[in-house]
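Observations on chain architecture
What follows is each chain in one-letter form.
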Amino acid sequence: ILMSTILQTKVVEKVSPGKNTSPEIKYFLGKFEVVKGKGGIELKNKEEANAINDIAKKFFLLLPNKVTMALVSIPLCILEPKTTMEKLVDLWKFAPIYLNKLGPKPNSVAAMKAVLSFVIAGLYCGVFTKLPLMPFLGETLSAVITTPEEKNSCLVYMEQISSQPPITSFAVYGPEYKITGHYEYQFLIAGDRIEMCLKGPTTITFNGGMEIKFCYPYLKLRGLLTESLHMFYSGNLLAEDRKNSTKAYINFNYGKKASSYGARKLGTKYDSFFGIIYNYKASGPLVSVPELPEVVDVKRVYEIITGSWVEELAFHKEKGIAEITWKIGETIPCKTRPAGVILPSDVSTRPDLITFKKGDLITAEKEKKKEEKRQFERELLLKEDKYIPCFPLYPTNSLYQTFIILI
């Protein structure tokens, strides 16, 4: 029934107007190409891919199997001049576009669709060919994410509150919402692949009091020791509005295991996904979803979700209308800039990162060693209960007011 609804739908596009002119889209479409047949993305420049593979072979073959990145001092030649905090900001560049349109009392399904559009639209902005730098304990980041016209914006504040395991706490404040939470970065090296997971739920609270929690899928980078780097998202994207008994479940492994005719019609590539928005406490019997047998608490299906994180996101209603809320190249991500006063602890002030961005890898490597020594000293203070982070695990409004004074 779900598949027949999708295959007979009428498409209604509701994407934000724009042209393929943003730096993020130019970078993504210029640097990557979709892998024919199986989906996912790989580098267009084969020489660059081979260079990364050569460096990776020399480094990763010296490591034991299944080692976590937090325990390894990684050379700058296989890192990019950007921290994981900055990569998080990249993921959130669609927040002012999708989360500011709901009004004071949003409908639960409409709010869920806005959150899913915000999350999925930003996935391609978070991909990388080289690993980002890990922030040191106590380092912070403050930034503003704003639309190109400066009409809508949000304030971002982060702090690295733990080094082993690496955990970043964050607070994002927009006119109609706030985003709070903390992520534990889990980088796993296993064979010729790296898996990156942001462990920890994210909470979006709207002004009317509605809360939606969600978790990201994880990113896989395969082929480090072969001729091609293949990158794709895997796992599930989960979201829940407990107050209104509404859930969203999106399977990013769907293309790999698709077997029915309808599933093959939608596409069986690594970058495709399939999911539903549903109620799990409505009256009546449970509803079976053959396409998602792992979801066992469905009482009423509100919307069916299809698409690809390198193409578009579509919501299918029971009446046979498909609403496309995001298309790559048409919805322009927001830009970022520093938020007022730059704190001494901001990652942008790191000497190794500054010299790294200038292209001086030798000096940057020396500065990185110095920073790692300081990191060890901070950990000793932490063990002696002498180090106090600026952020608690869950940032509060009082912290926000403190930063507003600084700005």
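Reading guide: rules and limits
- Residues numbered from 1 in each chain as written.
- Predicted model: local features only at pLDDT ≥ 70, side-chain atom pairs only at ≥ 80, totals over all residues.
- Heavy atoms only, no water.
- Helix = DSSP H or I, 4+ residues; strand = E, 2+ residues; numbered from the N terminus.
- Buried < 20%, exposed > 50% of the residue type's maximum accessible area, 1.4 Å probe, protein only.
- Contact = heavy atoms within 4.5 Å.
- Areas by Shrake-Rupley, 256 points an atom, 1.4 Å probe, with all protein chains shown as cover.
- Phe/Tyr/Trp six-rings, centres within 6.5 Å; stacked < 30°, edge-to-face > 60°.
- Lys NZ or Arg CZ within 6 Å of the ring centre and 35° of its normal.
- Salt bridge = Lys/Arg side-chain N within 4 Å of Asp/Glu carboxyl O.

What follows concerns the overall build of the protein. Within the protein, the secondary structure is distributed over 11 helices and 22 strands. Split into buried and exposed, the 407 residues of the protein put 55% on the buried side. In the protein, the share of contacts with a sequence separation of at least 24, taken over all contacts with a separation of at least 6, comes to 64%. Looking at the protein as shown, the accessible area adds up to about 18,400 Å², and 56% of this sits on carbon and sulfur atoms.

This brings us to the packing of aromatic side chains. Scanning the model with the defined rule gives 10 aromatic pairs in all. Taking the centre distance of 5.3 Å and the plane angle of 40° together, the rings of Phe-252 and Phe-273 count as tilted. Pair noted here: Phe-252 is in the loop between strand S17 (246–251) and helix H7 (254–257) and Phe-273 is in strand S18 (residues 272–279), with a separation of 21 residues, a long-range link. Cation over ring: Lys-113 sits above Phe-315, and NZ or CZ is 5.4 Å from the ring centre. Just above the ring of Tyr-280 sits the side chain of Lys-247; from NZ or CZ to the centre is 4.8 Å.

On to the pattern of salt bridges. All told, the structure shown has nine salt bridges when counted by the stated rule. Its salt-bridge partner being Glu-139, residue Arg-350 comes within 3.3 Å of it at the nearest N-O pair. Residue Arg-350 is found in the loop between strand S22 (335–338) and helix H9 (351–357), and its partner Glu-139 is found in the loop between strand S6 (131–133) and strand S7 (140–146); the two are separated by 211 residues along the sequence. Summarising the burial analysis for this pair, Arg-350 and Glu-139 share the class buried. Across the salt bridge formed by Glu-240 and Arg-242, the nearest N and O atoms sit 3.7 Å from each other.

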